[in-house]
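# Results of the structural survey
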Number of protein chains: 2
Amino acid sequence: MKAVILSVGTEILFGQITNTNTVFLSRELNHLGIDVMYHFTVGDNPVRVKEMIQRAFEECDLVLTTGGLGPTQDDLTKEIACETLHDELVLHEDILEWLKNEVAKRGRKMTENNIKQAYFPSRSVIFANPVGTAPGFALEENGKIIACMPGPPREMTKMFKDHVKPFLQSLSDDVIFYRLVRTIGIGESQLETDLLPLIDNQSDPTLATYAKEGEVTLRIASKRKTLEEAEKAVDEMLEKVKAVSGSYIYSTDDEELADVVCKRLVENNITISCAESCTGGLFAGRLVDYPGISSVFERGFVTYSDDAKEEMLGVGSQTLQKYSAVSEETAREMVLGLQKRTGSRICVAVTGIAGPEGGTEEKPVGLVYTAVSFDGKIEVRKNLFRNIGRNWIRGRSVLAMFHLVYDTLKNENLI
Amino acid sequence: MKAVILSVGTEILFGQITNTNTVFLSRELNHLGIDVMYHFTVGDNPVRVKEMIQRAFEECDLVLTTGGLGPTQDDLTKEIACETLHDELVLHEDILEWLKNEVAKRGRKMTENNIKQAYFPSRSVIFANPVGTAPGFALEENGKIIACMPGPPREMTKMFKDHVKPFLQSLSDDVIFYRLVRTIGIGESQLETDLLPLIDNQSDPTLATYAKEGEVTLRIASKRKTLEEAEKAVDEMLEKVKAVSGSYIYSTDDEELADVVCKRLVENNITISCAESCTGGLFAGRLVDYPGISSVFERGFVTYSDDAKEEMLGVGSQTLQKYSAVSEETAREMVLGLQKRTGSRICVAVTGIAGPEGGTEEKPVGLVYTAVSFDGKIEVRKNLFRNIGRNWIRGRSVLAMFHLVYDTLKNENLI
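Residues numbered from 1 in each chain as written. Chains lettered and ligands numbered in written order. Predicted model: local features only at pLDDT ≥ 70, side-chain atom pairs only at ≥ 80, totals over all residues. Heavy atoms only, no water.

Moving on: the domain arrangement of chain A. Residue and element names in this part refer to chain A. Splitting chain A by domain gives domain 1 (2-169), domain 2 (175-251) and domain 3 (257-411). Taking only C-alpha atoms into account, the centre of domain 1 sits 34 Å from that of domain 2. Taken residue by residue, the interface counts 5 residues in domain 1 and 5 residues in domain 2. Salt-bridge contacts for Asp-35 lead to Lys-223; the nearest nitrogen and oxygen are separated by 4.0 Å. In this structure, the connection of domain 1 to domain 2 is made through 0 residue pairs in polar contact (both at pLDDT 80 or more). (Domains from an automatic or database assignment. Contact = heavy atoms within 4.5 Å. Salt bridge = Lys/Arg side-chain N within 4 Å of Asp/Glu carboxyl O. Polar contact = N/O pair within 3.5 Å; in protein donor to acceptor, adjacent residues only side chain to side chain.)

Pasting the structure below:
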């Protein structure tokens, strides 16, 4: 089956938002064995939206649209779907009732253009939208299918997973199964070189590496008649990959490193506390992303200034003067202070220069020290990240902290 | 002038990379007064690339392509440009020399397909590429222009700024100026209903609303002969908008609420400390996003557990038992504790239920209390967010904290 992803929204053509919907949908459709032939983006202009849908149907059987379902005036996708596939909009009382409740919940008044959202093509399958006020729908005529979803990624992704994906699965004939195998501690070219013998004579399953921030993900994919066949082929290849590069693999299931770490902490009931300077709370914030972390996450300190490092963690003022806040010594004392104050089995700290200011010849922007203690044993790591933006460096610093905790747990045979 | 941005690359259709080129180019073209009518993305398939270029020229005068200029076999954009605008590829000796140097620099040997990169349409304007091995070019015939750039964003953006932009500026006749006016505390439907009289008879300037997480942005755009005229028209409309919805506007220049708040804190040298439960450090992390915040950001506490709230902030154990951690009383005592320990002029705290677990009939997931004190005056707000995901609720909680601080500064006439 061949598909087109059509994004509707003038704000995309103005460059005001990055179109992440197409990335998500392209991956998902490929996963379902549906070939994505084109991405089209068009403004909130009925004539052009209709033209693009017709152009898509010249070559493809499926058009997935995002956007143009909101309550505002420029929302015309539903009308156009009807024109193209010969149907008419009718009021769905049940949707109207649901909408009234949703609007009331938000303490807002029902407006004329809210009511418009209760109209759908008479033949359409309607997809509920529990996280927004715009339900989606699919309409079919003579094997041509159009499925329309709202534009906001949060609404679209949930609707796709819960409703559109099952709807499409019943249509597609081949199944692609793939695993995203995540590694850390090895570069892309090195991993590719190591796996070249496996990559070179690949037909199915296929192997592909791609670099993410600070790590490399390996995609092993197989397209077969049944999910079972595909999964079996992928897992056989995975074993071959493990034989070569197993030591760098931390997940064979596309988990984040942070989640792998948090899972182990909770499973083994290992308490953790943290102290952050340049990351300013992002590590703690990432810990708390993990449901259930409350059982082991004891204390988080954001010690951005030198005063805070002294008063909250007891870092020596001499240490700060002699070695500066960004030094192995300060990182070490931050962890020591954490230990004293919290008694957590794992204490992790970070101090670094995220920029844009504050870099020197000797201590450039991107210099970040991460430190960890496990049952009193302390390790400090020096990281030197490229100076390509404050937030990028802070993100890499958080990853480095999790990497350090991961290695510590691994050394203790707790992973 | 009407333009299409054509992205060439199968990896985009596989969802392996996010297409940020289109965002960058759309913004740049709009600033140049060039209307972006469509984004097309197509794989490395000569037939489809050619079809898309021809489709683009049916309606537009300018096609900007990215990708398909590399040294690999599926790089056919140049050939297709020639077919479409009737030219032929000829070897450019000067480019060949330059290429040989580039390849040598990288310590590689010159390959057959490197040489291919020195061929360009005979009539084309060639754009140098100092950060890669694929120069770009523009080709024109009877007012139809195709400009081709490499795919890697780093190469494309530099080439655009240095060469393509000047080339286009000489072609364009109109200028678009727009403001992104950001509001908080009002829904999209309501804002649009309030502004309907202004929106309905819009021709130029145009008004459009769109919803972001927790807030609504209003775009006011005008297209005139000169930047001055366009800016004047937009600012006149802005005054009309302010007269209707001014109280919800926090930025007329597309700033984030958090940045508006941080800017004021730094400018007025108002010290701030924070204590976070459900957001687990994300508020502090967002503060630290703002360069220069170190002069006023004093302390950050992540008090995720009840123990932490008692020991780090001195919240009464009776309070926690009687009212629970997620209560107006606990939020109030968190702020009181912050005040005592930090003496910061602004202390802000949050406690809530982000889920997925922990919700009750009386205290559902999404219930979040935000509290602030300014020079000792305390305000506590009860927020009830929809239960659509832990991270979403936490993001909204951070926004609510900044919203509360913003309103506080506003009441004190510090904004």
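Before going further, it helps to examine empty space enclosed by the protein. As enumerated under the stated definition, the model contains 6 cavities of 30 Å³ or more in all. Around the largest cavity, the lining residues are Asn-19, Thr-22, His-39 and Thr-41 of chain A together with Ser-7, Asn-19, Thr-22, His-39 and Thr-41 of chain B. Those elements that place two or more of their residues in the lining of the largest cavity are β2 (35-42) of chain A together with β2 (35-42) of chain B. Considered class by class, the residues forming the lining of the largest cavity number no nonpolar, 9 polar and no charged. (1 Å grid on protein atoms, 1.4 Å probe; cavity = no way out; pocket = protein on both sides within 12 Å on 5 of 7 lines; lining within 4 Å. Points joined across faces, edges and corners; volume = space filled by probe spheres on them. Helix = DSSP H or I, 4+ residues; strand = E, 2+ residues; numbered from the N terminus. Nonpolar A, V, L, I, M, F, W, Y, C, P; charged D, E, K, R; others polar.)

All names here are of chain A. Viewed as axis vectors pointing N to C, helix α8 (residues 188-200) and helix α9 (residues 227-245) meet at an angle of 135 degrees, and their least axial separation amounts to 10 Å. By the criterion of interaxial angle, the relationship of α8 to α9 is oblique. In terms of crossing hand, the pair formed by α8 and α9 is right-handed. Counted together, Leu-191, Asp-194, Leu-195 and Leu-198 of α8 and Met-237, Lys-240, Val-241, Val-244 and Ser-245 of α9 form the full contact between these two elements. (Axes fitted to C-alpha atoms, helices over the stretch in contact; angles between N-to-C directions. Parallel < 35°, antiparallel > 145°, perpendicular 65-115°, else oblique. Left-handed = near helix turned anticlockwise from the far one by under 90°.)

Turning to the interface of chain A and chain B, a few remarks are in order. Facing 67 residues of chain A, the contacting portion of chain B comprises 73 residues. Buried surface at the junction of chain A and chain B, summed over both partners, amounts to about 5,900 Å²; 54% is from carbon and sulfur atoms. The tally of links from chain A across to chain B stands at 8 salt bridges. Between Glu-311 of chain B and Arg-299 of chain A there is a salt bridge; the shortest N-O distance is 2.6 Å. The interface formed by chain A and chain B holds 26 residue pairs in polar contact (both at pLDDT 80 or more) in total. No other element matches the 7 residues that β2 of chain A contributes to the side of chain A that touches chain B. Split by residue class, the side of chain A that touches chain B holds 28 nonpolar, 23 polar and 16 charged. Strand direction decides the pairing type here: strand β14 (residues 297-302) of chain A and strand β14 (residues 297-302) of chain B, joined by 3 bridges, are antiparallel. For Phe-301 of chain A, the partnering residue across the bridge sits in β14 of chain B and is Phe-301 of chain B. (Buried area = accessible area lost by both parts, 1.4 Å probe. Pairing = 2+ DSSP bridges.)

What follows is about the nonpolar core. Ranked by internal contacts, the top residues of the largest apolar core, which has 126 residues, are Phe-297 of chain A together with Phe-297 of chain B. When residues no more than four places from it in sequence are discounted, the contact partners of Phe-297 of chain A are Ile-272, Cys-274, Ala-284, Leu-287 and Val-288 of chain A together with Val-302 and Tyr-304 of chain B. Counting 56 residues, the second largest nonpolar core, distinct from the first, contains Val-42 and Ile-80 of chain A together with Val-8 and Ala-134 of chain B. (Core = buried A, V, L, I, M, F, W, Y, C linked by side-chain atoms within 4.5 Å. Buried < 20%, exposed > 50% of the residue type's maximum accessible area, 1.4 Å probe, protein only.)

Attention shifts here to the environment of Asn-21 of chain B. Residue and element names in this part refer to chain B. Positionally, Asn-21 belongs in helix α2 (residues 21-31). Judged by relative accessible area, Asn-21 falls into the buried class, the value being 7%. Sequence separation between Asn-21 and Thr-66 is 45 residues; the distance between their C-alpha atoms is 7.6 Å.

Residues and elements named next belong to chain B. Contact pair α2 / helix α7 (residues 153-169): the axes reach a minimum separation of 11 Å and the direction vectors enclose 20 degrees. Regarding the angle of α2 to α7, the classification is roughly parallel. Once α2 is placed against α7, the crossing between them reads as right-handed. Between α2 and α7, the contacting residues are Asn-21, Phe-24, Leu-25, Glu-28 and Leu-29 on the first element and Pro-153, Met-156, Thr-157, Phe-160, Lys-161, Lys-165 and Leu-168 on the second.

What follows is about the sheet that holds β14 of chain B. As summarised here, the arrangement of the 10 strands in space is β17(A)-β16(A)-β15(A)-β13(A)-β14(A)-β14(B)-β13(B)-β15(B)-β16(B)-β17(B), forming an open sheet in which the pairing is mixed. Only two strands of the sheet have a single neighbouring strand rather than two, namely β17 (377-384) of chain A together with β17 (377-384) of chain B. Averaged over all pairs of adjacent strands, the angle between their axes in this sheet comes to 10 degrees, without regard to strand direction. Inspection of the sheet shows strand β15 (residues 346-352) of chain B paired to strand β16 (residues 367-374) of chain B by 7 bridges, in the antiparallel sense. Residue Val-348 of chain B lies in a different strand from β16 of chain B, and its bridge partner there is Val-372 of chain B. Packed on one face of the sheet, helix α15 (residues 390-411) of chain A meets β13 (272-276), β15 (346-352), β16 (367-374) and β17 of chain A and runs near 30 degrees to β16 of chain A. Lying on the sheet, helix α15 (residues 390-411) of chain B is in contact with β13 (272-276), β15, β16 and β17 of chain B; it crosses β16 of chain B at an angle near 30 degrees.

Enumeration according to the criterion identifies 16 aromatic pairs over all chains in this entry. Between Phe-14 of chain A and Tyr-178 of chain B, the aromatic rings sit 5.8 Å apart at their centres with planes inclined by 85 degrees, giving edge-to-face as the arrangement. In this pair, Phe-14 of chain A is assigned in the loop between α1 (10-13) and α2 (21-31) and Tyr-178 of chain B in strand β9 (residues 175-184), connecting two distinct chains. Assigned by exposure class, Phe-14 of chain A and Tyr-178 of chain B land together as buried. Summarising the aromatic geometry, the rings of Tyr-304 of chain A and Phe-297 of chain B are spaced 6.3 Å apart at their centres and angled 35 degrees between planes, so their arrangement reads as tilted. (Phe/Tyr/Trp six-rings, centres within 6.5 Å; stacked < 30°, edge-to-face > 60°.)

With the rule as written, the count across this model stands at 53 salt bridges over all chains. A salt bridge links Lys-100 of chain A to Glu-97 of chain A, with the nearest nitrogen and oxygen atoms 3.8 Å apart. Here the residue Lys-100 of chain A and the residue Glu-97 of chain A both occupy positions in helix α5 (residues 93-105), the gap between them amounting to 3 residues, near one helical turn. By relative accessible area, Glu-97 of chain A is classed as partly exposed at 42%. The salt bridge partner of Glu-215 of chain B is Arg-182 of chain B, with a shortest N-O separation of 2.8 Å.

Within the open sheet, the 12 strands sit side by side as β6(A)-β7(A)-β8(A)-β3(A)-β1(A)-β2(A)-β2(B)-β1(B)-β3(B)-β8(B)-β7(B)-β6(B). Their pairing is mixed. Two strands close off the open sheet at either side, each with one partner strand: β6 (125-127) of chain A together with β6 (125-127) of chain B. Across this sheet, the average inter-strand angle for adjacent strands is 15 degrees, counted without regard to direction. Relative to β2 of chain A, strand β1 (residues 2-8) of chain A runs parallel, the two sharing 7 bridges. Residue pairing across strands places Ala-3 of chain A opposite Val-36 of chain A, the latter belonging to β2 of chain A. Where helix α3 (residues 46-59) of chain B meets the sheet, it contacts β2 of chain A together with β1 (2-8), β2, β3 (62-66) and β8 (144-149) of chain B, and its direction lies at approximately 165 degrees from that of β2 of chain B.

All names here are of chain B. Extensive coverage of β13 is indicated by the burial of 5 of its 5 residues. Alternating residues of β13 divide into Ile-272, Cys-274 and Glu-276 and Ser-273 and Ala-275, and every residue in both groups is buried. The sheet contact formed by β13 and β14 spans 4 bridges and is parallel. What sits directly across from Ala-275, in β14, is Phe-301. Read as a crossover between parallel neighbours, the route from β13 over helix α11 (residues 282-288) to β14 is right-handed. (Right-handed = clockwise from strand over helix to strand, strands pointing away.)

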